[in-house]
Amino acid sequence: MSAFSFRSLAFMLIIGFLIWSSQIDTCNARKGKHWRQNRGASASLYKKKGKNHGSSHHHSNAGKPKHKVPSPKSPLPKPPSPPPLKAPSPALPPPKQEIPPAPPKKDNKPPSAVLNVLDFGAKGDGTSDDTKAFQAAWASACKVEASTIIVPSELTFLVGPISFSGPYCQPNIVFQLDGTIIAPTSSKAWGSGLLQWLEFTKLKGITVQGSGTIDGRGSVWWQQSAFDDPIDDESKLIVPLNNTVEENPPIPINSSLGWRMPSIKPTALRFYGSFNVTVTGITIQNSPQCHLKFDNCIGVSVYSMSVSSPGDSPNTDGIHLQNSRDVLIRSTNLACGDDCVSIQTGCTNVYIHNVNCGPGHGISIGSLGKDASRACVSNITVRDIRMYNTMNGVRIKTWQGGSGSVQGVLFSNIQVSEVELPIVIDQYYCDKSKCKNQTSAVSLSGITYEKIRGTYTVKPVHLACSDNLPCVDVTLTDIELKPQQEQYHMYDAFCWQTFGELTTPTVPPIDCLHVGKPSSNRIQNDHDSC
């Protein structure tokens, strides 16, 4: 019994010792796991425990409860302060934040905004009809704001009548013309006749630019001009020294190609109903009729471009303005068979300067008031102009029977050389052989001529105003025009019903101008005013 009791007691002590040892292992294992999670903070504590427990433990504690078991001895002392840190190495710079490489620079326009007519099937060989290719290129450009149509250099494109139309096109389209566009010379392409060949309509911010050429190939039209085509009325004032009026040479009814062109002749390049229109750099030549026309446009800029056709090509105005305002024409060369610039009804705020004109019929306001129509023109400035071998210099022409007004016009610093009629007002304009006399007229007021100098070959000044509605406030300053005998009869200055003032002596003397205002000038009614 005693032996059994001793053995039982020893067995129980051994079991108790083992249980106590396992609890110590569990605690150390827990503290070892805690050390792994917080190495920096418990380094010294681990060393002390290592001394107390002799060696590291190899018992796994997986699956056991994670409650904290207190040591049977006194609570653990606070861990001592960590040993002093060594002098830190020089601080490394913070890692650089990776910046993605900048995307490659792009043009201001997406690739789809630059459209070459060659990519739409144009041949550019001068004989294939490229009209459909130009239409297709325009249809694509119309959808993209600030798009560009490329007409490449060193190629010639045969293009029939075409309209590059809005109003649903995106704004600021550029027509980059560096090649040559030629008109068809077959009558079939023109049907019964069209008023324009290349037309841009109802657009915002349209630019035609480049170093290229628009060639109307107008000679096939000029050769077939009818004898009753309009003539310039001032030609009646020009009488050759042999007292005979030069007759037009015979004009063939049919061209050498065997067909007749329509009687309606097209304008080469026309802009209609558009805002902020720019034409620069290009050359327009040999148009069947007018070369460049702006109708119902606002904000027009024409510069550094040229018009070229023979001086005897009929009715081939250089630039024609109608119902347009805020127009600037500068730094251009205009050579044609009619007016270098023609300013028609509905124009206001027009500024023309630094223009070379000749051959041609000068720079004209009008003709206005045809067929009893009402005309309104105002705020026109023409200055710094050089004219050579032109019929007229600066001119205003109106028909009898019209109404409306022309007011606020300045012609300044006009250099004329061998010009037949440098200064003209003609309120009896008639482009037929005979016109009916009528009393109503377009009123003219506030017309200033200053610094008009050079040589004339027929008459220095011709001011023929309406009997019923004389011209008023006509001012002439610093006029110096010298005769140059050529092949025409020469005449003195002429004035009729013209009232105003001479602010300086003139050469030659212009004694015919009435100083002041007419005593019985008819007051305009509402129908006359603008």
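Scoring rules and cut-offs
Residues numbered from 1 in each chain as written. Predicted model: local features only at pLDDT ≥ 70, side-chain atom pairs only at ≥ 80, totals over all residues. Heavy atoms only, no water. Buried < 20%, exposed > 50% of the residue type's maximum accessible area, 1.4 Å probe, protein only. Helix = DSSP H or I, 4+ residues; strand = E, 2+ residues; numbered from the N terminus. Arc of directions from axis to C-beta. UniProt positions renumbered as here; feature names shortened; annotations may be inferred. Contact = heavy atoms within 4.5 Å. Core = buried A, V, L, I, M, F, W, Y, C linked by side-chain atoms within 4.5 Å. Disulfide = S-S within 2.5 Å. Polar contact = N/O pair within 3.5 Å; in protein donor to acceptor, adjacent residues only side chain to side chain. Pairing = 2+ DSSP bridges.

Asker: Honestly, helix α3 (residues 131-141) in this entry has me stumped. Any pointers?
Answerer: Count 3.6 residues to each turn of an α-helix, and residues three or four apart come out pointing the same way. For α3, the complete set of buried residues consists of T131, A133, F134, A137, W138 and A141. Down the axis of α3, the smallest arc covering the buried residues is 165 degrees, so these residues share one side.

Asker: Got a minute to help me understand the UniProt feature "active site" (unreviewed entry) in the protein in this structure?
Answerer: According to UniProt, the positions carrying the feature "active site" (unreviewed entry) are H361. In this fold, H361 is placed in the loop between β20 (347-357) and β21 (363-368). Setting aside anything within four residues of it in sequence, one finds H361 in contact with D232, G337, D338, D339, M391, N392 and R395.

Asker: Looking at this model, I keep getting lost on the nonpolar core. Mind explaining?
Answerer: Buried together is how nonpolar side chains tend to be arranged in soluble globular proteins. One finds F271, F294 and Y449 to be the most contacted residues of the largest nonpolar core, which totals 97 residues. I238, M391, V424 and V458 belong to the second largest nonpolar core, which has six residues in total.

Asker: Would you mind showing me how to read the state of the cysteines here?
Answerer: A disulfide bridge is the covalent bond that connects two cysteines by way of their sulfur atoms. All chains considered together, the criterion is met by six disulfides. Between the sulfur atoms of C376 and its disulfide partner C530 the distance amounts to 1.9 Å. In this structure, the disulfide formed by C376 and C530 twists by about -90 degrees around the S-S bond and is classed as left-handed. Of this pair, C376 sits in strand β22 (residues 374-388) while C530 sits in the segment after β31 (514-515), and the two are 154 residues apart along the sequence. For C530, a relative accessible area of 51% puts it in the exposed group. Between the sulfur of C495 and that of C512 lies a disulfide, 1.9 Å long from S to S.

Asker: Looking at this structure, how should I read the environment of T316?
Answerer: Structurally, T316 is set in the loop between β16 (306-308) and β17 (319-322). Here the alpha-carbon distance between T316 and Q289, two residues 27 residues apart in the chain, equals 4.4 Å. Once residues lying within four places of it in the same chain are set aside, the contact partners of T316 are W222, S287, P288, Q289, C290, H291, S309, C336, G337 and D338. Reaching out from T316, the side chain makes a polar contact with the side chain of S313 at a distance of 2.8 Å.

Asker: It is not clear to me how the pairing of strand β14 (residues 292-295) should be interpreted in this structure. Could you clarify?
Answerer: Both faces of the sheet carry side chains from a regular strand, because those side chains alternate between them. Residues L292 and F294 line one face of β14 and the alternating positions K293 and D295 line the opposite face, and both faces are buried. Pairing analysis gives four bridges linking strand β11 (residues 267-272) to β14, with the strands arranged parallel. Paired with L269 across the bridge in β14 is L292. Pairing geometry for β14 and β17, over four bridges, is parallel. If you follow K293 over to β17, its bridge partner there is H320.

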